[in-house]
Amino acid sequence: MAENEAEVAGTDAIGDADASQLAAMLSQVTDEQLAEAMANPEGRQMVLDEIFRRMSEHVEPGAIEGVDAVVHFKITDAPGGGDDTYEVAIRDGAVKVNSEAATEQPKLTLTAAPVPFLKLVTGQESGPVMFLTGKLRIEGDVMFASRMTSFFRIPTATG
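Residues numbered from 1 in each chain as written. Predicted model: local features only at pLDDT ≥ 70, side-chain atom pairs only at ≥ 80, totals over all residues. Heavy atoms only, no water.

### Description of the sheet that holds strand β4 (residues 108-112)
Sheet strands pair by backbone hydrogen bonding; their relative direction is either parallel or antiparallel. The strand order across the open sheet formed by five strands is β3-β2-β1-β4-β5, and the pairing between neighbours is mixed. The sheet is open, and its two edges are formed by β3 (94-98) and β5 (136-140), each paired on a single side. Neighbour to neighbour, the strand axes of the sheet diverge by 20° on average, direction disregarded. Note that β4 and β5 share five bridges and pair antiparallel. Bridged to Ala112 within β5 is Leu136. Of the strands in this sheet, β1 (69-75), β2 (84-91) and β3 touch helix α5 (residues 41-54), which is tilted by about 5° from β2. (Pairing = 2+ DSSP bridges. Helix = DSSP H or I, 4+ residues; strand = E, 2+ residues; numbered from the N terminus. Axes fitted to C-alpha atoms, helices over the stretch in contact; angles between N-to-C directions. Contact = heavy atoms within 4.5 Å.)

Take a look at the structure:
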């Protein structure tokens, strides 16, 4: 395993890095290295759990005021088959994340493969471009999906 890949998959590197450092780490590895790291069940779960755990830290409170919605994020190609689905409830000015989809019907479901998903959440690719190029599938309220980019401060490698 390459040193950068080890940083992506390493618990200490992920847990101790701030969002900009995490984005910088991910920008320094190839797509192939990211795919390999996300094919490791433990590494994938740790990375995804950390991303979604931090989601509430990056919310723009004014942008979600009055929003009441459930969004499912499906990250495809899980080791062993299937998808990893995280549920994000936006209501009462807060974001609450479940590591699996609950019984609520989502307003929106966003589906992406692991590498495009990582590029999306680190600001390396934009949601609209990913949607237009087929890297991001949207089911549900497309207008709501277009508003979601304003709900969060997307960390980048430059801060």
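Having seen the model, we can carry on.
### Re the pattern of salt bridges
Scanning the model with the defined rule gives nine salt bridges in all. We note a salt bridge from Asp31 to Lys119, for which the minimum N-O separation is 3.0 Å. Residue Asp31 is located in helix α4 (residues 31-38), and its partner Lys119 is located in helix α7 (residues 114-121); the two are separated by 88 residues in the primary sequence. Judged by relative accessible area, which is 36%, Asp31 ranks as partly exposed. A salt bridge links Lys107 to Asp141, with the nearest nitrogen and oxygen atoms 3.8 Å apart. Of this pair, Lys107 sits in the loop between β3 and β4 while Asp141 is found in the loop between β5 and α9 (142-148), placing the two residues 34 residues apart along the sequence. Its relative accessible area of 34% is what places Lys107 among the partly exposed residues. Assessed through its relative accessible area of 29%, Asp141 is described here as partly exposed. Several salt bridges converge on common partners, so that one network encompasses Glu50, Arg53, Arg54 and Glu57. (Salt bridge = Lys/Arg side-chain N within 4 Å of Asp/Glu carboxyl O. Buried < 20%, exposed > 50% of the residue type's maximum accessible area, 1.4 Å probe, protein only.)

### Quick look at α4
Along an α-helix, residues three or four apart share an orientation, since each turn contains 3.6 residues. Gln33, Leu34, Ala37 and Met38 are the residues of α4 that are buried. End-on, the buried residues of α4 take up no more than an arc of 130°, which puts them together on one face. (Arc of directions from axis to C-beta.)

### Quick notes on unusual backbone geometry
Even without a glycine there, the phi angle at Asp77 is positive, about 60°. Examined against the element boundaries, Asp77 turns out to sit in the loop between β1 and β2. Looking at Asp77, the relative accessible area reads 54%, which means it is exposed. Even without a glycine there, the phi angle at Asp92 is positive, about 55°.

By themselves, these observations are geometric and do not establish any function.
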